[in-house]
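# Working through the structure, step by step
For reference, the chains in residue letters:
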Amino acid sequence: MIKLIAIGKKHESWVQEGIEHYQKRLRAPWNLEWVLLPHSSQEGARARQDESERILLRLSPSDYVVLLDERGKLLDSPALARTLQQQIDSSKNIVIIIGGAYGVSEELQQRASLVWSLSPAVFPHQLVRLMLVEQLYRSQEIAAGRPYHHQ
């Protein structure tokens, strides 16, 4: 199972519909567990620290942590599929983090096994959730050798 930790409110209805479209197609060990943590009541650096501390409390030392950040490493879909499949094959728990509007702390960045960028552009958090689930479904299909992804 892959755990997705996101800062923010519950999925908006249009996002939920899209997430369900892909999530229902995911099969173990690619199935997902969502953990939605509320925004901090603070702002700026204080919010970043508060939210990061709450995320860190949910991580185990053995987790393979993927942090989404527009400044992270760009991976094409086959590279993402290989990376995640390697962790699955190693029996690692994969935790993917979508931080809050102010980003995450240096400590959380350092804890990440991979800092991954969906794109150098910045997208709304709700849209990122949907894009992420589609990419996980695509990764599952690539890893299984099925024809969803075309080269």
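Residues numbered from 1 in each chain as written. Predicted model: local features only at pLDDT ≥ 70, side-chain atom pairs only at ≥ 80, totals over all residues. Heavy atoms only, no water.

## Structural notes on the packing of aromatic side chains
Under the defined criterion, the tally for this structure stands at two aromatic pairs. Ring plane angle 75° and centroid distance 4.8 Å describe the contact between Tyr137 and Tyr148, whose orientation is recorded as edge-to-face. Residue Tyr137 is located in helix α5 (residues 125-143), and its partner Tyr148 is located in the segment after α5; the two are separated by 11 residues in the primary sequence. For Tyr137, a relative accessible area of 9% corresponds to the buried category. Exposure remark for Tyr148: the relative accessible area of 25% places this residue in the partly exposed category. Members of the aromatic cluster, connected to one another through ring pairs, are Tyr22, Tyr137 and Tyr148. The residue whose ring lies beneath Arg25 is Tyr137, and the NZ or CZ to ring-centre distance is 5.7 Å. (Phe/Tyr/Trp six-rings, centres within 6.5 Å; stacked < 30°, edge-to-face > 60°. Helix = DSSP H or I, 4+ residues; strand = E, 2+ residues; numbered from the N terminus. Buried < 20%, exposed > 50% of the residue type's maximum accessible area, 1.4 Å probe, protein only. Lys NZ or Arg CZ within 6 Å of the ring centre and 35° of its normal.)

## A closer look at the side chain of Glu141
Turning to its location among the elements, Glu141 is positioned in helix α5. Side chain to side chain, Glu141 and Arg146 meet in a polar contact 2.8 Å long. Beyond its immediate sequence surroundings of up to four residues, Glu141 is in contact with Arg146 and Tyr148. (Polar contact = N/O pair within 3.5 Å; in protein donor to acceptor, adjacent residues only side chain to side chain. Contact = heavy atoms within 4.5 Å.)

## What to know about the pattern of salt bridges
Applying the stated criterion across every chain yields a total of six salt bridges. Residues Arg138 and Glu134 are paired through a salt bridge, measuring 2.9 Å at the closest nitrogen-oxygen approach. Taken together, the positions of Arg138 and Glu134, both in helix α5 and four residues apart, correspond to about one turn of that helix. Grouping residues by exposure puts Arg138 and Glu134 together as buried. Several salt bridges converge on common partners, so that one network encompasses Asp69, Glu70 and Arg71. (Salt bridge = Lys/Arg side-chain N within 4 Å of Asp/Glu carboxyl O.)

## Digging into α5
Helix length check: α5 (19 residues) gives 26 Å between terminal C-alpha atoms against 27 Å at 1.5 Å per residue, within 8%. Summarising burial for α5: 14 of the 19 residues are buried, a large majority. Looking at the residues trailing α5, positive phi occurs at Gly145, about 75°. (Expected span 1.5 Å × (residues − 1).)

## Describing the environment of Glu17
Within the secondary structure, Glu17 is located in helix α1 (residues 13-23). In this structure Glu17 comes out as exposed when scored by relative accessible area, which is 61%. Note: C-alpha distance between Glu17 and Pro29 (12 residues apart in sequence) is 22 Å.

## Brief notes about helix α3 (residues 77-89)
Between its terminal C-alpha atoms α3 stretches 18 Å, which fits the 18 Å expected from 13 residues at 1.5 Å a residue. You can read the cap of α3 off the contacts: a side-chain oxygen lies 2.9 Å from the backbone nitrogen of Ala79, and it is on Asp76. Looking one or two residues past α3, Ser91 carries a phi angle of roughly 60°, positive in sign.

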